[in-house]
Amino acid sequence: MNKRPRLIKDYFQRKNTLRGLLEQSKVQSLLLQRIRALIPPPLNTHCAAVVQKGSQLVLYVDSSTWASRLRFTTRELARQLNANGIATERITVRVLVTSKPPKPEHERTRRLSLENASLINQTAAGIEDSNLSEALIRLGKHAVKSPE
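In this text the structure is predicted, and so the values were computed from the model without any measurement. (Residues numbered from 1 in each chain as written. Predicted model: local features only at pLDDT ≥ 70, side-chain atom pairs only at ≥ 80, totals over all residues. Heavy atoms only, no water.)

J.: Outline the overall build of the protein, supporting the account with residue identities and numerical values.
T.: Scanning the protein from N- to C-terminus turns up six helices and three strands. Overall, the protein shows an N-to-C arrangement of helices and strands of α-α-β-β-α-α-β-α-α. Taken over 148 residues, the protein has a buried fraction of 22%. Contacts in the protein between residues at least 24 apart in sequence constitute 48% of all its contacts with a sequence separation of at least 6. Working note: accessible area of the protein is about 12,100 Å², and carbon and sulfur atoms make up 53% of it. (Helix = DSSP H or I, 4+ residues; strand = E, 2+ residues; numbered from the N terminus. Buried < 20%, exposed > 50% of the residue type's maximum accessible area, 1.4 Å probe, protein only. Contact = heavy atoms within 4.5 Å. Areas by Shrake-Rupley, 256 points an atom, 1.4 Å probe, with all protein chains shown as cover.)

Structural data, given as structure tokens:
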């Protein structure tokens, strides 16, 4: 038994499935280069990937802003691609999601200061509506005593 580690390129060259994926990746990369050459700057730099499904192209961009801008140019791009020998009936633009969005940071819990509680209690004392006055008094009781 051979205990020497194998090179990954050996797997790509020997296995038909992996070889097919490698060829497909090369074709998509070349197609992306051709499409980027037809898209005006700065849009072309935001085009991250392309997948061809028959006569439909799916362009992946790095943000929703650039996707919206690129959608305005798809008719002209399809015309140029057809003129360059790439049969294209439809172009779909999608946003390439590379990772999960960051988790929102927890906001610091706001505390009612003794000074604000005092102001709320003073306001409650001057209000004739008993329901509102009682609600303000309950709110004033939520004041946090400062550490001494």
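J.: Explain the confidence of the model for the protein to me, using residue names and the numbers behind them.
T.: Low pLDDT marks stretches whose predicted atomic positions should not be read closely. Across the protein, the average pLDDT comes to 85, with 89% of residues at or above 70. Of all the helices and strands in the protein, helix H1 (residues 8-14) carries the lowest mean pLDDT, 68, while strand E3 (residues 90-95) carries the highest, 94. (pLDDT = per-residue confidence, 0-100.)

J.: Describe the side chain of Asn44, with residues and values.
T.: Tracing the chain through its elements places Asn44 in the loop between helix H2 (16-38) and strand E1 (47-53). Exposure remark for Asn44: the relative accessible area of 17% places this residue in the buried category. When near neighbours in sequence (up to four residues on either side) are disregarded, Asn44 contacts Arg36 and Ile39.

J.: Describe the packing of helix H5 (residues 114-125) against helix H6 (residues 130-140), and please don't skip the residues or the numbers.
T.: One way to put it is that H5 packs onto H6 with a least axis distance of 8 Å and a crossing angle of 165°. Here H6 runs roughly antiparallel to H5, going by the angle between their axes. Judged by the sense of rotation from one axis to the other, the crossing of H5 with H6 is left-handed. In this structure, H5 contributes Ala117, Ile120, Asn121, Thr123 and Ala124 to the contact, and H6 contributes Ser133, Leu136, Ile137, Leu139 and Gly140. By residue class, the composition of the contact of H5 with H6 is six nonpolar, four polar and no charged. (Axes fitted to C-alpha atoms, helices over the stretch in contact; angles between N-to-C directions. Parallel < 35°, antiparallel > 145°, perpendicular 65-115°, else oblique. Left-handed = near helix turned anticlockwise from the far one by under 90°. Nonpolar A, V, L, I, M, F, W, Y, C, P; charged D, E, K, R; others polar.)

J.: Give a detailed account of the sheet that holds E1, specifying residues and quantitative values.
T.: The strand order E1-E2-E3 describes an open sheet built from three strands, whose pairing is mixed. Because the sheet does not close on itself, it has two edges, and the strands there are E1 and E3. Neighbour-to-neighbour, the strand axes of the sheet open up by a mean angle of 20°, direction not taken into account. The sheet contact formed by E1 and strand E2 (residues 56-61) spans six bridges and is antiparallel. From the neighbouring strand, Gln52 faces E2, where its bridge partner is Leu57. Helix H3 (residues 64-71) rests against E1, E2 and E3 of the sheet, and its axis sits at about 165° to E3. Its contacts with the sheet put helix H4 (residues 74-83) on E2 and E3, and the angle it makes with E3 is roughly 125°. (Pairing = 2+ DSSP bridges.)

J.: Explain the pattern of salt bridges to me, using residue names and the numbers behind them.
T.: In this structure the tally under the stated criterion is one salt bridge. For Glu76, the salt bridge identified is with Arg79, shortest N-O distance 2.4 Å. Here Arg79 and Glu76 lie together in helix H4, a separation of three residues that amounts to about one turn. (Salt bridge = Lys/Arg side-chain N within 4 Å of Asp/Glu carboxyl O.)

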